[in-house]
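Coordinates in review
Each chain is listed here by its residues.
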Amino acid sequence: MADTRSVIGTQNKKGQTFTDTWKMMNEAPRTPSFFTGSEVIKEALRRASCDVMIAYPITPQSEAAALIGELFAEGYIGDYFRGESEFAVMSQCAGAAFGGARVFTTTAGPGTMRAMENFPMWSGARLPIQMIVTCRGINSPLSIQPDTLEIAYLLNTGMLVWHAETAQDFFDWILKGYMVSEEPDVHLPLALCCDGFFVTHTKDVVNLTPADMCLPPYDPYRSPVPCMDMECPPVRMMRDPFVMKSNYISYATHASWQQEIWAAVERSRKHSIHWLDGLIDTENTDADIMIVASGTAVSQGREAIRLLEEEGVRCGLVKVKTLRPWPEEEIREATKNAKHIFVPEFNVTGWLAKEIKATIPNHERVHAGPHVCGGMTMPPEIIVNEIKTTLGLHKSFVMAGRGS
Amino acid sequence: MSKEKIKISEDLFDIMPSDYQDLVKSSTYGKEDRGWKDIGTSKELIEQHSLCAGCPESMAFRYILASLPNPEDTVMVGSTGCTSLVFPMVAVHNIHSLFGNQNAIASGLKRALSVRFPDRTKDVVVLAGDGATVDIGLDMTLQAWFRQEKFTTICFDNELYANTGGQESGLMQKGFVAKMAPVGKLFEKVRLPEIARESGCHYVVNCTVSKPSLVEKVIRNAVHIAREIGPTYLQLYTPCILEIGKNSMEGLQEMRDSEKPTERFAYKEYVSEPAKQLLAELAAKDKERKAAAKQLAGQATA
Ligand SMILES: Cc1ncc(C[n+]2csc(CCOP(=O)(O)OP(=O)(O)O)c2C)c(N)n1
Ligand code: SF4
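A brief look at the structure comes next. Note that this is a predicted model, so its numbers are computed, not measured.

Here is what the cut-offs are and how they apply
Along each chain, residue indices are assigned from 1 in the same order as the chain's sequence is written. Written order determines the labels here, with chains lettered from A and ligands numbered from 1. Residue-level local features of this predicted model are given only where pLDDT is at least 70; pairs of side-chain atoms are given and counted only at 80 or more, and the full residue set underlies all totals for whole chains, interfaces and linings. Values reported for side chains reflect all heavy atoms of the structure, with hydrogen atoms and water molecules removed beforehand. Helix and strand assignments follow DSSP, with helices taken as H or I runs no shorter than four residues and strands as E runs no shorter than two, numbered in order from the N terminus. Between the two quantities, the radius of gyration covers C-alpha atoms and the globule rule is 2.2 Å times the number of residues to the power 0.38. Working definition: with a 1.4 Å probe on protein chains only, accessible area under 20% of the residue-type maximum means buried, over 50% means exposed, and in between means partly exposed. Here, residues are in contact when the closest pair of their heavy atoms is within 4.5 Å. The accessible surface values rely on the Shrake-Rupley method and a 1.4 Å probe; as for residues, cover is taken only from the protein chains in view. Using a grid of 1 Å spacing that covers the protein atoms alone, one calls a set of points a cavity when a 1.4 Å probe fits there but cannot get out, and a pocket when the set is open and has protein on both sides within 12 Å along at least five of seven lines; lining residues are those with an atom within 4 Å of a point. Grid points are joined across faces, edges and corners, and a volume is the space filled by probe spheres set on the points. If DSSP finds at least two bridges between two strands, the strands pair. When a carboxyl oxygen of Asp or Glu is within 4 Å of a side-chain nitrogen of Lys or Arg, the pair counts as a salt bridge. Buried residues of nine kinds, namely Ala, Val, Leu, Ile, Met, Phe, Trp, Tyr and Cys, make up a nonpolar core once their side-chain atoms join them within 4.5 Å. What counts as an axis is a line fitted to C-alpha atoms, over the stretch in contact for a helix, and the angles between N-to-C directions run from 0 to 180 degrees. Following the grouping adopted for this structure description, the nonpolar residues are Ala, Val, Leu, Ile, Met, Phe, Trp, Tyr, Cys and Pro, the charged ones are Asp, Glu, Lys and Arg, and the polar ones are all others, Gly among them. Summed over both partners, the accessible area (1.4 Å probe) lost when two parts come together is defined as the buried area. Here a polar contact is recorded for every N or O atom pair within 3.5 Å, except that within protein the pair must consist of a potential hydrogen donor and a potential acceptor, and residues adjacent in sequence are included only if both atoms are side-chain atoms.

A look at the overall build of chain A
Along its length, chain A carries 13 helices and 16 strands. Over its C-alpha trace chain A gives a radius of gyration of 22 Å, about what one expects of a compact globule, namely 22 Å for 404 residues. When its C-alpha atoms are laid out on the principal axes, chain A stretches across 75 × 55 × 50 Å. Per-residue burial for chain A yields a buried fraction of 58% across its 404 residues. When contacts within chain A are restricted to residue pairs at least 6 apart in sequence, those whose partners lie at least 24 apart make up 80%. Only carbon and sulfur atoms are counted for the fraction: they give 54% of the accessible area of chain A, which is about 16000 Å².

What to know about the layout of surface pockets
If you roll a probe as big as a water molecule over the atoms, it shows you where there is empty space left. What the second largest pocket holds in volume is close to 780 Å³. If you trace the second largest pocket, you find 25 residues lining it, with Pro216(A), Pro217(A), Tyr218(A), Asp219(A) and Arg222(A) closest to the centre. When residues of the lining of the second largest pocket are traced back to their parent elements, those giving at least two are helix H1 (21-26) and helix H8 (167-181) of chain A together with helix H3 (102-116) of chain B.

Details of the pairing of strand S4 (residues 152-157) of chain B
Residue and element names in this part refer to chain B. Across the six residues that make up S4, a large majority, six, are buried. Side chains Thr-152, Ile-154 and Phe-156 of S4 all project onto a buried face; the interleaved residues Thr-153, Cys-155 and Asp-157 project onto the opposite face, where all are buried too. Sheet topology note: the strand S3 (residues 123-129)/S4 ladder contains five bridges and is parallel. For Ala-128, the partnering residue across the bridge sits in S4 and is Cys-155. Examined bridge by bridge, S4 and strand S6 (residues 232-237) share six bridges and lie parallel to one another. Residue pairing for S6: Thr-152 is matched across the bridge by Thr-232.

Things to note about the pattern of salt bridges
Residue and element names in this part refer to chain A. For the structure on display, the rule yields 48 salt bridges over all chains. Two residues, Asp-172 and Arg-30, come together in a salt bridge whose shortest N-O distance is 2.8 Å. Highlighted residues: Asp-172 in helix H8 and Arg-30 in the loop between H1 and strand S2 (31-36), separated in sequence by 142 residues. The class for Asp-172 is buried, based on a relative accessible area of 12%.

Quick look at unusual backbone geometry
All names here are of chain A. Note that the residue after Ser-140, namely Pro-141, is joined by a cis bond; omega there is -5°. Residue Pro-370 is reached from Gly-369 by a cis peptide bond, and omega for that bond is 5°. By the element assignment, Pro-370 lies in the loop between strand S16 (366-367) and helix H13 (380-391). Positive phi, close to 60°, is recorded for Asp-277, a residue that is not glycine. Mapped onto the secondary structure, Asp-277 falls in the loop between helix H9 (248-276) and strand S11 (280-283).

Details of the side chain of Ser199(B)
Within the fold, Ser199(B) resides in the loop between helix H6 (192-198) and strand S5 (203-208). Those residues in contact with Ser199(B), other than ones at most four positions away along the chain, are Leu142(B), Trp145(B), Phe146(B) and Gln148(B).

Here's the deal with the nonpolar core
Residue and element names in this part refer to chain A. Core analysis: the biggest nonpolar cluster contains 110 residues, and Trp-122 and Leu-154 have the highest contact counts within it. Tallying contributions element by element places helix H4 (residues 86-98) first for this core, with nine residues. If we skip the residues at most four places from it in the chain, Leu-154 touches Thr-112, Met-116, Phe-119, Met-131, Val-133, Met-159, Val-161, Ala-191 and Cys-193. Core analysis: the second largest hydrophobic core is formed by 45 residues, Leu-45, Trp-173, Val-206 and Ala-264 among them.

Quick look at the sheet that holds S3(B)
Residue and element names in this part refer to chain B. As summarised here, the arrangement of the seven strands in space is S2-S1-S3-S4-S6-S5-S7, forming an open sheet in which the pairing is mixed. Edge positions in the sheet fall to strand S2 (93-96) and strand S7 (268-271), since each has one partner strand and no second. The average angle at which neighbouring strand axes cross in this sheet is 15°, direction not considered. Against the sheet, helix H7 (residues 212-228) makes contact with S3, S4, S5, S6 and S7, and its axis sits at roughly 160° relative to S5, the strand it touches most.

Regarding empty space enclosed by the protein
All names here are of chain A. Under the counting rule described, the total for this entry stands at four cavities of 30 Å³ or more. Taken together, 15 residues make up the lining of the largest cavity; nearest its centre are Ala-97, Leu-127, Ser-223, Pro-226 and Cys-227. Across the lining of the largest cavity, the residue classes break down as eleven nonpolar, three polar and one charged. Lining the second largest cavity are Thr-148, His-163, Ala-293, Ser-294, Ala-297, Pro-344, Glu-345, Phe-346, Asn-347, Trp-351 and Leu-352.

Concerning the packing of H3(B) against helix H5 (residues 138-146) of chain B
Residues and elements named next belong to chain B. For the pair H3 and H5, interaxial distance at closest approach is 7 Å and the crossing angle is 35°. Contact residues: Gln-102, Asn-103, Ala-104 and Ser-107 in H3; Met-140, Thr-141, Ala-144 and Trp-145 in H5. For the contact of H3 with H5, the residue count by class is four nonpolar, four polar and no charged.

Topic: the interface of chain A and chain B
Contact residues are listed per partner, giving 42 residues for chain A and 49 residues for chain B. Around 3700 Å² of area is buried between chain A and chain B when both sides are counted, 62% of it from carbon and sulfur atoms. There are five salt bridges connecting chain A and chain B. Among the salt bridges present, the one from Glu231(A) reaches Arg120(B), with a minimum N-O distance of 2.6 Å. Our enumeration of links across chain A and chain B arrives at twelve residue pairs in polar contact (both at pLDDT 80 or more). For the side of chain A that touches chain B, the secondary-structure elements that each account for two or more residues are strand S4 (79-82), H4 and helix H6 (118-124) of chain A. Taken together, the residues of the side of chain A that touches chain B break down into 25 nonpolar, eight polar and nine charged.

Written out as structure tokens, the structure reads:
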């Protein structure tokens, strides 16, 4: 029987057609466009049927947040405003999501840290908010340069965490992200991260879906918890207030709820595999040497592989797309032949290498590095150098064209 | 929502929990003249609570819930503190998120409800303690007013942090010796009602909750004005009898003592010009409605 409630095929007030997301992302024609990452965020949002976007300026996401303001002025977003701080913005996003809206925001670096208390609240309340994190330094002395340390803090919030490599990933994953996080068996917020500046402020050719197609709207009544709009009768949740942990039932409720959040993260796995075509991408998994990376370190890894190939050294690659859910099985499988695993990262602590070490057998195979931090770029030669030094392949490798 | 939506199928009525049966039979939803006198007659007002025996917050809660003009479409936002202990027992949607962010949550919520229900009235009411409103959350309290967000903010002013055991708060009186104020509080009680007025609130009241009819009036005014015009603020003295060393019967007297004309909770009200106009219009409509009802009743008995 035809679903008469479906809006697919109908038009919104801007004349865009609500389109089946799978068709829009996989079958609709794509137009190559030369855009910065920030502009790509705007273009994704134009097609996202977003109800509320809340903004606060922090480099390097300010431009994207401002561009989405233009979309609001054009009538593509239901409401948009600047909050008073990141803590407030994330709370405002929560309020809007509690009220049944599809919500979007962006932040970076210190803003992510200031807002931190909200993130476990978002996941605990099952709010499928999408937040773009355009990573930058979070530490003192002040830095606005890209650095992925803040991702480490997001990993245990109960949010889905994805790490985009390119502006193309960004465009596709913003739209697909809503599809995963709004699934009733998931219904969790998504932190969609990228390495600030490298992705946001560089121009690239990105294949865009037609501007006159948009996502079907969010249906808040598919949520596993009640939408706070008084459209369904409220219930007395419990006789004793939830903070009374001396009450065993109340305690058990809390404990099992945390487990449920993480179970929901796990349940997002199948949806993420479906939409992202797997949680990882791989190349040359039969090689002895593997590079495992996420974000733009993947691009640098690819370039390093090319340089090594020129010298007759064969090397494989794992691109980790989702950090939560964590692709444990996939990484084990992809690295099973590797004798040496290198994990280049744009941060000082090497959180990705730690995750990988905790995942695979014989983790002494993992070489945590190279690390560039404080916002440095990562010339592929640094990766090549690290690999050659570690494996004793060095003769007299010179970092071409990069004098000290 | 409307009362229609909570009607149980007749065939299933007798197997539903009695709470639901009572809610369907005797709720005050959909009743224009609901008020504090309905307390004790209907199920969606609080029956039990987990506050200390005799805590004035529990009285205030009942009066407020009984006075909401449109409970079937009202969402309340709370904050961590003694206020959060009662919410599991109330029959309006309630959001408890974090400590101090209640006005930010309410801003997002009100906007989402306006986007989703452009042709319907959905009221949002914030209710939080003085620590949440005036200390940790002050930035978000004020900014919601600056932005003219259309919801009511209620502060249960018990002049200290009750839930964490009686620490100094911004609304505590100067000189009061409290935990974390070992030599007495060093600065004056923050003048939030005045700040609220200067920050753009259209209706501001500072009072105790000793008189239910007064609470009913100010709640109705605050919600109506917030709905039509802009932010409103109520600061209600709900003394923490536990922390100031009173027994459960002494809360009412404590409020009566502190609302005397020279005391800090003497009734103070500010109404902006547009709000005055709205209240006059509402009063006129109410009069008309009551007169019509009277006439109808007269015809019926004639
Ligand atoms: C970020 C954060 N800091 C501190 C606390 C601890 N805390 C819980 S309730 C509370 C005080 C509440 O005081 P108030 O807002 O005045 O409400 P009352 O309990 O007096 O009704 C504090 C400090 C918390 N929950 N979150
Ligand atoms: S601690 Fe104070 S404010 Fe809290 S419930 Fe008890 S009397 Fe009321």
